[in-house]
2 protein chains.
Amino acid sequence: MHGEIDENTNRPKKIIKKSQDISQWYTEVIIQSELADYAPIKGCMVIRPYGYALWEKIQEYLDRLIKKRGVKNAYFPIFIPESFLKKEKEHVEGFSPELAIVTIGGGQKLKEHLVVRPTSETIMYALYKKWTRSWRDLPILINQWNNVVRWEKRTYLFLRTSEFLWQEGHCAHLEHKESLQTVLWALNCYKKLYNDLMAMYVITGTKSNTEKFAGAKKTFTIEILLPGGKALQGGTSHDLGQNFSKAFGWTIQDQNGKNVYPYQNSWGISTRSIGGLILAHGDDSGLILPPKIAPVQIVIVPIYKNDNKEKIIEYSNKVKDIIKKYRVEIDLREDETAGYKFSKWEIKGVPLRLEIGEKERLTKTVTLVRRDTYERTTESIIKLKNTVSKLLKNIQTELFERHKKFTEQNTHVVNNYSDFKDIMKNKKGFIKAFWCENPICEKKIKEETKATTRCLPINSTEERGKCVYCGSHAKNRWIFAQSY
Amino acid sequence: MHGEIDENTNRPKKIIKKSQDISQWYTEVIIQSELADYAPIKGCMVIRPYGYALWEKIQEYLDRLIKKRGVKNAYFPIFIPESFLKKEKEHVEGFSPELAIVTIGGGQKLKEHLVVRPTSETIMYALYKKWTRSWRDLPILINQWNNVVRWEKRTYLFLRTSEFLWQEGHCAHLEHKESLQTVLWALNCYKKLYNDLMAMYVITGTKSNTEKFAGAKKTFTIEILLPGGKALQGGTSHDLGQNFSKAFGWTIQDQNGKNVYPYQNSWGISTRSIGGLILAHGDDSGLILPPKIAPVQIVIVPIYKNDNKEKIIEYSNKVKDIIKKYRVEIDLREDETAGYKFSKWEIKGVPLRLEIGEKERLTKTVTLVRRDTYERTTESIIKLKNTVSKLLKNIQTELFERHKKFTEQNTHVVNNYSDFKDIMKNKKGFIKAFWCENPICEKKIKEETKATTRCLPINSTEERGKCVYCGSHAKNRWIFAQSY
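Bear in mind the structure is a predicted one, so any value in this text is a computation, not a measurement. (Residues numbered from 1 in each chain as written. Chains lettered and ligands numbered in written order. Predicted model: local features only at pLDDT ≥ 70, side-chain atom pairs only at ≥ 80, totals over all residues.)

A. Just the interface of chain B and chain A, in detail. Listed per partner, the contact involves 47 residues of chain B and 47 residues of chain A. Here the side of chain B that touches chain A gets 6 residues from one element, more than from any other, and that element is strand E7 (residues 100-105) of chain B. (Contact = placed C-beta atoms within 7 Å. Helix = DSSP H or I, 4+ residues; strand = E, 2+ residues; numbered from the N terminus.)

B. Structural view of the environment of Pro227(B). Residue and element names in this part refer to chain B. As for its placement among the helices and strands, Pro-227 is situated in the loop between strand E12 (218-226) and strand E13 (230-241). C-alpha separation for the pair Pro-227 and Gly-282, spaced 55 residues apart in sequence, amounts to 9.4 Å. Those residues in contact with Pro-227, other than ones at most four positions away along the chain, are Lys-18, Ile-22 and Leu-279.

C. Quick peek at the domain arrangement of chain A. All names here are of chain A. Taken domain by domain, chain A comprises domain 1 (22-281), domain 2 (298-403) and domain 3 (411-481). Once you take the C-alpha centre of each, domain 1 and domain 2 turn out to be 39 Å apart. Each side of the interface is counted separately: domain 1 has 10 residues, and domain 2 has 7 residues. Secondary structure elements with two or more residues in the side of domain 1 that touches domain 2: helix H1 (22-32) and helix H8 (272-281). Considering only residue class, the side of domain 1 that touches domain 2 consists of 6 nonpolar, 4 polar and no charged. (Domains from an automatic or database assignment. Nonpolar A, V, L, I, M, F, W, Y, C, P; charged D, E, K, R; others polar.)

D. Up close: the sheet that holds strand E18 (residues 328-330) of chain B. Residue and element names in this part refer to chain B. Spatial ordering of the open sheet is given by E18-E17-E19-E20-E21, a layout of 5 strands whose pairing is mixed. In this open sheet, the two strands that pair with only one neighbour each are E18 and strand E21 (376-380). Strand-to-strand twist in this sheet, taken as the mean axis angle between neighbours without regard to direction, amounts to 25 degrees. Note: strand E17 (residues 298-302) against strand E19 (residues 352-356), 5 bridges, orientation parallel. Looking at E19, one finds that Ile-298 is bridged to Leu-352. Contacts from helix H10 (residues 338-347) reach E17 and E19, with the element oriented near 170 degrees to E17. (Pairing = 2+ DSSP bridges. Axes fitted to C-alpha atoms, helices over the stretch in contact; angles between N-to-C directions.)

E. Region of the structure containing the pairing of strand E6 (residues 108-116) of chain A. Residue and element names in this part refer to chain A. Relative to E6, strand E4 (residues 79-81) runs antiparallel, the two sharing 3 bridges. Looking at the pairing, Pro-81 lines up with Leu-114 of E6. Looking at chain direction, strand E5 (residues 100-105) and E6 are connected through 4 bridges and run antiparallel. Each bridged residue has a counterpart across the sheet, and for Ile-101 the counterpart in E6 is Val-115. Between E5 and E6, which pair antiparallel and follow one another directly, the connecting turn spans 2 residues, one of which, Gly-106, has a positive phi of 55 degrees.

F. Fine view of the relation of the copies chain B and chain A. Overlaying chain B on chain A yields an RMSD of 0.0 Å, the required transformation being a rotation through 180 degrees with an accompanying axial translation of 0.0 Å. Such a combination of rotation and displacement between the chain copies is what one expects of a two-fold axis. Residue Val102(B), judged by its C-alpha, is the member of chain B lying nearest the rotation axis, at 2.1 Å. The overlap is high: 100% of the interface residues of chain B also sit at the interface in chain A, so the same surface is used on both sides. (Least-squares fit on C-alpha atoms with pLDDT ≥ 70 in both.)

G. Region of interest: the sheet that holds E4(A). The strand order E4(A)-E6(A)-E5(A)-E7(B)-E8(B)-E6(B) describes an open sheet built from 6 strands, whose pairing is antiparallel. The two strands at the open ends of the sheet, each matched to only one other strand, are E4 of chain A together with strand E6 (79-81) of chain B. Sheet twist, expressed as the mean angle between neighbouring strand axes with direction ignored, is 45 degrees.

Now the structure itself:
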């Protein structure tokens, strides 16, 4: 199972340059590195083992944080009766155009159509209502890892697919203050996940009323700037207020015996994040994976001829043993040349390659090549463990710093609409501009520049400014960008 | 969030006795212990955190074995085009009556209906074909953890639900021999899982042609006898031969450049297994969970009055700290009496209860109560760690031995059909009887006694016998039972 081969060079088919056509590069690198593939169903994809291993690392990291908070995993049905979805007005309006609907079950036409969940608020909260009577039964702290469906006609691998995998946390509290603490805690988990595991720089903020989740009081978001200058919404955490408890008529008795509506929140991150990871770090030769999330952190490529094959392989295995605490693979495939293997593992973005030939064997050394910088060093095997540890740490840190610098360099403080239009047409990136918070200006800007409000960054201090579109009074600089 | 309360006693509502009505007991114990609940969709259930924690333990145990074998996790779409399912004739016939079908997507009627996967052979193998060219691309070793839908009208919590969670492994090999090794390896993993983690005794064997998986050459099965005398199919591993590769026209080049059809297998275990766990060990007071799978292994119940509350809680926390390597909970709920708490944790099946009152505090001891035997011991906290370790080990072993003994005592060697009918009418259990392997006898036996062939046990030695139904020549004793 490997990617397409160029029949002339017998090496992996060259992928298009990232700088030349980032969208084409993105697709080619995913297919060639075997992260994923198109499924024979419109809008759907297959996540192959190499791509799924990334999702497993994300799950592992986040699940630990979730459990530490006392939130517990559960599982609710994939089907939601149509009538449930209709209980919260904004919610059903937001999701209606994207639904997949089951009309036949067990050979019979169903009396009530079932929606394949696009998100689980309505089905979960029907049960929350059943399970609780008093304030003692709160908080409810539940999360689920599952699949959801939001209909798409065209597949954009990872970033836009009809079915995707995610986690959805749904908590309920007696007090609004507590609920808001959970909302911000979840947002902070996502930030940590991106910064620490995925070496990605993010902006956290709140969404405008137009861009918030259908049914939320306020949506908090993770915004990520990606090469090509477009933004990805990397995860969201919603303060639902009492919107859903009221829609479901869900009350409980508080400490004074009074019936009150609980405050709720929901928060999710999906396999879309992997699309961001690919775009943020990759280069013309393929993926670049940060060591902490890389399914394979180090690949050993032995270089031998028939007469020294056995000894080189023996030595390579010895080297592998020294660094076995890392995720190491040794590539012994017989039908591929060393050059082919180098390209193959470069496309796959393995952070560190160890080359082992006759010279290395005789001098008891190893040649190390960094994927991100192509820096080569030769190191004695006595020092190898330390060197590898340092290199992997450096790669992780430097990838984050590089993405941070990229984001900063492509964030433009803009004070007039002509600059705004110019930047969105040419350079793209994040624009920081005053906006009066009138949805009409927001709509016009979107129509004329394709840029949407991404967020009002957290901890923004109020200033005196004029809306970049209409000139009216504005309190804050919002972040605008074109979106994936 | 706790189960129903008896308003007279203010204690958890008494569940019906297991011996009185096992089916009613089963449902009541699941609801009251908060393992799961009915969903407001026909045939569906909600797995609550306490139940999902059991599934997480199963996943953790099995995923480690799966990865150790080199099988990797991936994810394939939930939707399968109807035409795909039709490619393997027996397969589509087997699954057709159970399908949930999406006919509307994104607001439009779909040209081709999409089936919500009942299993993923057809969608996965279409991709396997795309990904491979030669013998070097084999074996393919892929597993997925996901949800599947097989339409049910009535819900039987865990045991029979329209949607369930499972893993499905799908491997492809060049040689039949290798494929069969994988089939048997998977079967053995399931056996280990039941024996070791779930303290359940199982029989492994092969299914009859009537009972095998739709599209398989041979199905290997895990059969479990449960109180009430019915059998549960606890997991299956299928040798698919070349049935699917032929149906899909999937060939690859072997070492000699010849086009050959790969040999395939698939194997799965689901959340049904949790139904088996509940039935196998529980008693009149509720669940009994084996320590290795119990989400809470030890519960500490402090018993205090207003004047010694602080000191008792302090001492209880100290005790908790001593045994923190286990999954321990300390129950500090203020609105429940100690007696209520005892019943609550008994229903939840926590293996070990630690009672801590004034006497224990003053003598630096703890009173331990086993859930399975109600045996009480008092132990000094100096020896507590050792005692707990021993007790948990003993409970795990003794639960297995008890279930093994139960199975053996309810396995009847039968040589004539009148005994057969009599046992199936009264005692139930496993029957070992000669069967000529003619599906007509199998069908008649099923019609007349509700018993189906469960399996031909692995390593059965051939004997000379006469079919218990028709008297014809028979080589082996098969296991018969009524089934869940």
